[in-house]
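# Observations on the three-dimensional arrangement
Each chain, letter by letter, is given below.
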Amino acid sequence: MGRETPGIGGGKAIVRLVRRNRHGETVSLMPLVLAGLLLLLAALGTTGAVVASKNRAPAPQAQRGGDRKYAALPMMTFGLGGGDARMVDVKVLLEVDPSVDGKVADPYVPRISDQLSDRLRQIDPQQLTGADGAMLMKTTIAGVLDRELRGVRVKEILLDRMVVR
């Protein structure tokens, strides 16, 4: 039941994993040794998983989600160019740096509104259709904000609502 291994002096020694019970019968210890090894491997695997999870960086989604802060501009209505008295209603959210107050744009709203009014009078209503229209509106708003909110870093301009009527 055991393995023969070369011993000291050239003889062969037999290593047996057995013991004798109360009745003198030999009982193999191999199942106990294997069970112990499996428990040891499970403990090492669990420890490794816990250590790895503590050293892992937070998920990118979790990092970005908590750091977002928005400044809301009020609903604004502007006349469009093209001569057919069309109007556009716009509500804009500005993603700003988390350290900036959410009401940072409030003192500048009259100036922003005035500048947007001038710029949107130069836009034909057909230019505001589809995804290209939303991009044109964002670009126009970004140009005005760069001029009026010089000290505030705007990360993203979100069109909360845009209705051409």
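Throughout, residues of each chain are indexed from 1 in the direction in which the sequence is written. It should be noted that, the model being predicted, local features are given only for residues of pLDDT at least 70 and side-chain atom pairs only at 80 or more, the latter also being counted only at that level, while totals for whole chains, interfaces and linings use all residues. Where side-chain values are given, they derive from all heavy atoms of the structure, hydrogens and water being excluded.

UniProt positions are given in the numbering used here, feature names are shortened, and annotations may be inferred rather than shown by experiment. Here, the residues flagged by UniProt with the feature "transmembrane region" (unreviewed entry) are residues 29-52. The numbering of helices and of strands both runs from the N terminus, where a helix is a DSSP run of H or I of at least 4 residues and a strand a run of E of at least 2. From the first C-alpha to the last, residues 29-52 spans 35 Å; its make-up is 96% helix and 0% strand.

Moving on to the layout of surface pockets. By volume, the largest pocket amounts to about 170 Å³. For the lining of the largest pocket, the secondary structure elements donating two or more residues are α4 (130-148) and β8 (154-164). The way it works is a 1 Å grid over only the protein atoms, where trapped points that fit a 1.4 Å probe form a cavity and open points with protein on both sides within 12 Å along at least five of seven lines form a pocket, and then any residue with an atom within 4 Å of a point lines it. Grid points are joined across faces, edges and corners, and a volume is the space filled by probe spheres set on the points.

For helices, the axis comes from a line fit to the C-alpha atoms of the stretch in contact; other axes are also lines fit to C-alpha atoms, and the angle between any two N-to-C directions lies between 0 and 180 degrees. It is the contact of helix α3 (residues 109-120) with α4, at a shortest axis distance of 10 Å, that shows an interaxial angle of 135°. On the basis of the axis angle, α3 is oblique to α4. Considering only the axes of α3 and α4, their crossing is right-handed. Residue-level inspection shows Arg-111, Ile-112, Gln-115, Leu-116, Arg-119 and Leu-120 of α3 in contact with α4, the latter providing Met-137, Thr-140, Ile-141, Gly-143, Val-144, Leu-145, Arg-147 and Glu-148. Each angle is binned into one of four classes, with values under 35 degrees roughly parallel, values over 145 roughly antiparallel, values of 65 to 115 roughly perpendicular, and all other values oblique. Left-handed describes a crossing whose near helix is turned anticlockwise from the far helix by less than a right angle; the clockwise case is right-handed. When checking whether two residues touch, look at their non-hydrogen atoms; a contact exists if any pair is within 4.5 Å.

Pairing is possible between side chains that carry opposite charge, provided their charged atoms lie close to one another. Counted as salt bridges are all cases of a side-chain nitrogen of Lys or Arg within 4 Å of a carboxyl oxygen of Asp or Glu. Scanning the entire structure with this criterion turns up four salt bridges. A salt bridge links Asp-89 to Arg-165; the nearest nitrogen and oxygen atoms lie 2.9 Å apart. Here Arg-165 lies in the segment after β8 and Asp-89 lies in strand β7 (residues 87-96), a separation of 76 residues in the sequence. Burial here depends on accessible area, computed with a 1.4 Å probe over protein chains only, as a share of the maximum for the residue type. Under 20% is buried, over 50% is exposed, and the range in between is partly exposed. For Asp-89, a relative accessible area of 9% puts it in the buried group.

To qualify as a nonpolar core, a set must consist of buried Ala, Val, Leu, Ile, Met, Phe, Trp, Tyr and Cys residues joined through side-chain atoms within 4.5 Å. Among the nonpolar cores identified, the biggest contains 26 residues, and Leu-73, Val-88, Leu-94 and Ile-141 are the most heavily contacted of them. Broken down by secondary-structure element, the contributors of at least two residues to this core are β6 (76-79), β7, α3 and α4. The element contributing the most residues to this core is β7, with five residues. Residues in contact with Val-88, not counting those within four places in the same chain, are Met-76, Thr-77, Phe-78, Leu-80, Leu-120, Leu-128, Met-137, Met-162, Val-163 and Val-164.

As a further point, take a nonpolar patch on the surface. Within the patch definition used here, like charges are joined within 9 Å and nonpolar side chains (Val, Leu, Ile, Met, Phe, Trp, Tyr) within 5 Å, considering only residues with over 30% relative accessible area and no salt bridge. Throughout, the Shrake-Rupley method with a 1.4 Å probe supplies accessible areas, and for residues the shown protein chains are the sole cover considered. A cluster of nonpolar side chains, Leu-17, Met-30, Val-33, Leu-34, Leu-37, Leu-38, Leu-40, Leu-41 and Leu-44, forms an exposed patch at the surface whose accessible area comes to about 850 Å². Checked against the element boundaries, Val-33 lands in helix α1 (residues 30-55).

Our next topic: α4. Taking 1.5 Å of rise per residue, 19 residues should cover 27 Å, and α4 covers 27 Å from first to last C-alpha, within 8% of that figure. Each element contacted by the buried residues of α4 is listed here: β7, α3 and β8. For a helix, the expected span equals 1.5 Å multiplied by the number of residues minus one.

We now examine the environment of Ile-123. By secondary structure assignment, the location of Ile-123 is in the loop between α3 and α4. Here Ile-123 falls in the buried class, since its relative accessible area comes to 7%. The spacing of Ile-123 and Gly-79 is 44 residues in sequence and 9.5 Å in space, taken between C-alpha atoms. The contacts of Ile-123, once residues within four sequence positions are left out, are Leu-80, Gly-81, Leu-128, Leu-136 and Thr-140.

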